[in-house]
Amino acid sequence: MTDWEKCVEFHGHACGGLTIGYQAVRYARSLLGLTRSPDEQVVCIAENDACGVDAIQVILGCSVGKGNLILRVMGKQAFSFYERASGRSVRLVLRRAPEGMTKEESFRYYQEHEPEELFDVKPAVLPVPERARIYRTLTCEGCGESVGEAWVRLRDGKCLCLACAGSGSES
Ligand SMILES: [Zn+2]
Ligand SMILES: [Zn+2]
């Protein structure tokens, strides 16, 4: 099975969005010299949570649970890749595609272009997050549920979770 076939199987359909992620991985691999080694420490920050993210999970093995796939949803087709060992990184930003393409045309457009034609290469600006930290668990005084202390807010002398603190007060 090719990488692309694996992506389609995981994602459930072949689409332009998946192709964007697939092409971003191809480009990042060649720019950063990534191999297929499974223990390679690659971190990806995706600035969207669209179809393309699935290709990054499948090919690079990045995942939200492992902490090496971070979704900073900002509505941009931009992906930053970091290789921990070498400290090298790159941010790939999708260029604007021609307007008015149908779904099929856009799928073909992303399939038929080389990654160098699709993305601008920029320096990665977002810092690589530390590995998952262990937070103390507190009990919210509003709902009584357990909550990691980093997500607790003090409101009128009470320790509240974000859901309880959010009701009617600014952060
Ligand atoms: Zn899709
Ligand atoms: Zn609460």
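For clarity, every value in this text was computed on a predicted model and none was experimentally measured.

**Re the overall build of the protein**
Phase 1 of the analysis: Summing up its helical and strand segments, the protein has six helices and nine strands in all.
Phase 2 of the analysis: When each of the 171 residues of the protein is scored for burial, the buried share is 37%.
Phase 3 of the analysis: Of the contacts made within the protein by residues no fewer than 6 positions apart, 60% connect residues no fewer than 24 positions apart.
Phase 4 of the analysis: Element-wise, carbon and sulfur atoms account for 50% of the exposed surface of the protein, whose accessible area totals about 10,200 Å².
Phase 5 of the analysis: Within the protein, one finds 21 positive and 23 negative side-chain charges whose respective centroids are separated by 5 Å.

**Let's talk about the coordination of the zinc ion (ligand 1)**
Phase 1 of the analysis: Around the zinc ion (ligand 1), the protein contributes the donor atoms His11 (NE2), His13 (NE2), Cys15 (SG) and Cys51 (SG), which lie 2.1 to 2.4 Å from the metal centre.
Phase 2 of the analysis: Each of the four donor atoms around the zinc ion (ligand 1) contributes to a set of angles spanning 92 to 143°, which defines the coordination as irregular.
Phase 3 of the analysis: Classification of cysteine 15 as buried rests on a relative accessible area of 15%.

**Description of the packing of aromatic side chains**
Phase 1 of the analysis: All chains considered together, the criterion is met by three aromatic pairs.
Phase 2 of the analysis: Residues tryptophan 4 and tyrosine 22 carry aromatic rings whose centres are separated by 5.2 Å and whose planes lie at 65° to one another, so their mutual orientation is edge-to-face. Taken together, the residues tryptophan 4 in helix 1 (residues 3-11) and tyrosine 22 in helix 2 (residues 16-32) connect sequence positions 18 residues apart. Each of the two residues, tryptophan 4 as well as tyrosine 22, counts as buried.
Phase 3 of the analysis: Three or more aromatic residues link up through ring pairs in this structure, and these residues are Trp4, Tyr22 and Phe107.

**What about the environment of threonine 139?**
Phase 1 of the analysis: The residue threonine 139 is located in strand 6 (residues 137-139) in this model.
Phase 2 of the analysis: Contact partners of threonine 139, with chain neighbours within four places excluded, come to Gly144, Glu145 and Cys159.

**A short note on the domain arrangement of the protein**
Phase 1 of the analysis: Taken domain by domain, the protein holds domain 1 (3-122) and domain 2 (134-171).
Phase 2 of the analysis: Averaged C-alpha coordinates put domain 1 and domain 2 at centres separated by 36 Å.

**Description of unusual backbone geometry**
Phase 1 of the analysis: Backbone geometry places aspartate 156, a non-glycine residue, at a positive phi of 50°.
Phase 2 of the analysis: Relative to the helices and strands, aspartate 156 is located in the loop between strand 8 (152-155) and strand 9 (158-161).

**Some points on the sheet that holds strand 3 (residues 78-83)**
Phase 1 of the analysis: Reading across the sheet, the five strands line up as 2-1-3-4-5 and stay open at both edges, with mixed pairing between neighbours. Of all the strands in the sheet, just strand 2 (69-71) and strand 5 (119-122) have a single pairing partner and so form its edges. Along the sheet, successive strands turn relative to each other by an average axial angle of 20°, direction set aside.
Phase 2 of the analysis: Looking at chain direction, strand 3 and strand 4 (residues 89-94) are connected through five bridges and run antiparallel. The residue of strand 4 that forms the bridge with serine 80 is arginine 91.
Phase 3 of the analysis: Docked against the sheet, helix 2 engages strand 3, strand 4 and strand 5, running at close to 145° with respect to strand 4.

Rules behind the numbers
- Residues numbered from 1 in each chain as written.
- Chains lettered and ligands numbered in written order.
- Predicted model: local features only at pLDDT ≥ 70, side-chain atom pairs only at ≥ 80, totals over all residues.
- Heavy atoms only, no water.
- Helix = DSSP H or I, 4+ residues; strand = E, 2+ residues; numbered from the N terminus.
- Buried < 20%, exposed > 50% of the residue type's maximum accessible area, 1.4 Å probe, protein only.
- Contact = heavy atoms within 4.5 Å.
- Areas by Shrake-Rupley, 256 points an atom, 1.4 Å probe, with all protein chains shown as cover.
- Lys, Arg positive; Asp, Glu negative; His and termini not counted.
- Charge placed at Lys NZ, Arg CZ, Asp CG, Glu CD.
- Donors = N, O, S within 2.8 Å, 3.2 Å for Na, K, Ca; no water.
- Tetrahedral: all angles 85-135°; square planar, octahedral: opposite > 155°, others 65-115°.
- Phe/Tyr/Trp six-rings, centres within 6.5 Å; stacked < 30°, edge-to-face > 60°.
- Domains from an automatic or database assignment.
- Pairing = 2+ DSSP bridges.
- Axes fitted to C-alpha atoms, helices over the stretch in contact; angles between N-to-C directions.

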